[in-house]
Amino acid sequence: MDASAAPPVEDLSAWAQAADKVQRLAADIIASLPSMGIALAVFAVFYIAGKLLRTTIRRIAMRQRRSQNLGLVLGRLSQGAMFILGALVGCVIVFPNFTPASLLQFLGIGSVAIGFAFRDVLQNYLAGILLLLTEPFRIGDQIRFGSYEGTVEEIQTRATFLRTYDGRRVVIPNSELFTHSVMVNTAFDVRRLEYDVGVGYGDGVERAKALILEALRGVDGVLAEPAPDVLVMELAASSVNLRVRWWIKPPRQADALDARDQVLVAIKRALTDGGVDLPFPTTQVLFHDQTEETDGDRSRQREGWPAGAGPVPRPRAAARAPEAREETSQAPESGPARTGHDRDGAPAR
């Protein structure tokens, strides 16, 4: 055999060192298998204990409505604490030289990178904890956020689940809910509804108010206290707009829609039976030859309004009709003059 084909002594020693290290690593892993098994068993115990603790705290909190969100926070925090404690105990069992101080040192080195990588996740997590602690709304409340409106199904540490009235689910990040305005429709026991009704200018406003209030008193679900009221809100182009306001309890959306339906039906029936006009939008056009003889006199002109009980002024054309007939009789015969030129000024042929 050629001596040049034999591997160098340095390469053999390097391979021997690598093989020795692999053997030592395998021996260490085999030797630590019992410790790893014990660590996994301990971690499983802590994990199960954390879930049981979370479930227990949540059940206790569900018995009291005011403490539901606080129970969710404490349950999740306790489960997370048990999870971290189980991981630390498992690491100490597998690696005897591992200490919490070394973990804190590692977290100190990697905290900046972790913060940049999970900035949005941590922001939503902290916002979720603050929402659960401050309780601006609770599970089961009906809220409106932007263009979404529905019932709060679940408040997690990352997002809030909203069930819309048409049976869809909306997942809203907690940071959005925490930094923007949210309308809680069920925050209080009672809720006020309102609707604008237009009546004719020829009808009595006080009588229309009385008819509407009487109709509201006969509707089930409309509270007597706070009492409903009717206010004049606008003198519109073709109607006097009355704003009808009433209170309901409970304030949920289904009850609001049912109350609105009953109230509007009762108002329509009462005003129609009482002879009150519910006018359509109309436009009044006054031609110059149809205006009244009082037009131009700011103290007497009516601008198209009803005359009421007073006399109606005569139209201006009728008032000056005799003068117009006299002027017409004295006027010369109209028509183009017969000349030697046509309309364009050219000589006639």
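Each remark here, short or long, concerns the structure printed above.
Predicted, not measured: the structure shown is a model, and the values here were computed from it. (Residues numbered from 1 in each chain as written. Predicted model: local features only at pLDDT ≥ 70, side-chain atom pairs only at ≥ 80, totals over all residues. Heavy atoms only, no water.)

### Regarding the overall build of the protein chain
So, point 1. For the protein chain, the count of helices and strands is nine helices and eight strands.
So, point 2. The buried share of the protein chain, reckoned over its 349 residues, is 26%.
So, point 3. Relative to all contacts within the protein chain whose residues are 6 or more apart in sequence, the contacts with residues 24 or more apart total 60%.
So, point 4. Split by element, the accessible area of the protein chain, about 24,400 Å² in all, is 59% carbon and sulfur. (Helix = DSSP H or I, 4+ residues; strand = E, 2+ residues; numbered from the N terminus. Buried < 20%, exposed > 50% of the residue type's maximum accessible area, 1.4 Å probe, protein only. Contact = heavy atoms within 4.5 Å. Areas by Shrake-Rupley, 256 points an atom, 1.4 Å probe, with all protein chains shown as cover.)

### Some details on helix α4 (residues 119-134)
So, point 1. Helix length check: α4 (16 residues) gives 22 Å between terminal C-alpha atoms against 22 Å at 1.5 Å per residue, within 8%.
So, point 2. All of the buried residues in α4 are N124, A127, G128, I129, L131 and L132.
So, point 3. Remark: E135 follows α4 within two positions and exhibits a positive phi of approximately 55°. (Expected span 1.5 Å × (residues − 1).)

### Here's the deal with the packing of helix α6 (residues 205-217) against helix α7 (residues 253-273)
So, point 1. Taken N-terminus to C-terminus, the directions of α6 and α7 make an angle of 135°; their axes are 9 Å apart at the nearest point. The angle between the axes of α6 and α7 places the two elements in the oblique class. Crossing handedness for the pair α6 and α7: right-handed. Seen from α6, the contacting residues are A208, L211, I212, A215 and L216; seen from α7, they are V263, A266, I267, A270 and L271.
So, point 2. The residue inventory of the contact of α6 with α7, partitioned by class, reads 10 nonpolar, no polar and no charged. (Axes fitted to C-alpha atoms, helices over the stretch in contact; angles between N-to-C directions. Parallel < 35°, antiparallel > 145°, perpendicular 65-115°, else oblique. Left-handed = near helix turned anticlockwise from the far one by under 90°. Nonpolar A, V, L, I, M, F, W, Y, C, P; charged D, E, K, R; others polar.)

### Points about empty space enclosed by the protein
Here the idea is plain: a probe the size of a water molecule rolls over the atoms and shows the empty space left.
So, point 1. Inspection of the entire model under this criterion finds one cavity of 30 Å³ or more.
So, point 2. Volume-wise, the largest cavity comes out at about 30 Å³.
So, point 3. Lining the largest cavity we find V73, R76, L77, Y125, I129, L132 and T157.
So, point 4. If you list the elements that add at least two residues to the lining of the largest cavity, you get α2 (68-94) and α4.
So, point 5. A per-class count over the lining of the largest cavity returns five nonpolar, one polar and one charged. (1 Å grid on protein atoms, 1.4 Å probe; cavity = no way out; pocket = protein on both sides within 12 Å on 5 of 7 lines; lining within 4 Å. Points joined across faces, edges and corners; volume = space filled by probe spheres on them.)

### So, the packing of aromatic side chains
So, point 1. With the rule as written, the count across this model stands at two aromatic pairs.
So, point 2. For the ring pair Y47 and F83, a centre distance of 6.5 Å and an interplane angle of 70° mean the geometry is edge-to-face. Of this pair, Y47 sits in helix α1 (residues 9-62) while F83 sits in helix α2, and the two are 36 residues apart along the sequence.
So, point 3. Site record: aromatic cluster; members linked through ring pairs are F43, Y47 and F83. (Phe/Tyr/Trp six-rings, centres within 6.5 Å; stacked < 30°, edge-to-face > 60°.)

### A word on the sheet that holds strand β3 (residues 159-164)
So, point 1. Here we have five strands laid out as an open sheet, ordered β4-β3-β2-β1-β5, and antiparallel in their pairing. Single-partner strands in this sheet number two, and they are β4 (169-173) and β5 (183-184).
So, point 2. Where strand β1 (residues 142-145) and β5 come together, two bridges link them in antiparallel fashion. Looking at the pairing, I143 lines up with V184 of β5. (Pairing = 2+ DSSP bridges.)

### A few points about the sheet that holds strand β6 (residues 191-199)
So, point 1. Spatially, the three strands line up as an open sheet ordered β6-β8-β7, and their pairing is antiparallel. Because the sheet does not close on itself, it has two edges, and the strands there are β6 and β7 (229-235). Mean inter-strand twist for the sheet, computed between neighbouring axes without regard to direction, equals 25°.
So, point 2. With six bridges connecting them, β7 and strand β8 (residues 240-248) associate as antiparallel partners. Of the residues in β8, the one forming a bridge with D229 is R245.
So, point 3. Sheet strands in contact with α7 are β6 and β8, and its direction is about 30° off that of β6.

### Description of a nonpolar patch on the surface
So, point 1. Among the surface-exposed residues, L25, I29, I30, L33 and M36 lie close enough to one another that they form a single nonpolar patch of about 480 Å² accessible area.
So, point 2. Looking at the element boundaries, L25 is found in helix α1. (Patch = residues over 30% accessible without salt bridge, like charges linked within 9 Å, V, L, I, M, F, W, Y side chains within 5 Å. Salt bridge = Lys/Arg side-chain N within 4 Å of Asp/Glu carboxyl O.)

### Things to note about the pattern of salt bridges
So, point 1. Scanning all chains against the criterion turns up seven salt bridges.
So, point 2. A salt bridge links E153 to R169, with the nearest nitrogen and oxygen atoms 3.3 Å apart. In this pair, E153 is assigned in strand β2 (residues 148-155) and R169 in strand β4, connecting sequence segments 16 residues apart.
So, point 3. With relative accessibility at 57%, the residue R169 sits in the exposed group.
So, point 4. Salt-bridge contacts for D229 lead to R245; the nearest nitrogen and oxygen are separated by 2.7 Å. Here the residue D229 occupies a position in strand β7, and R245 occupies one in strand β8, the gap between them amounting to 16 residues.

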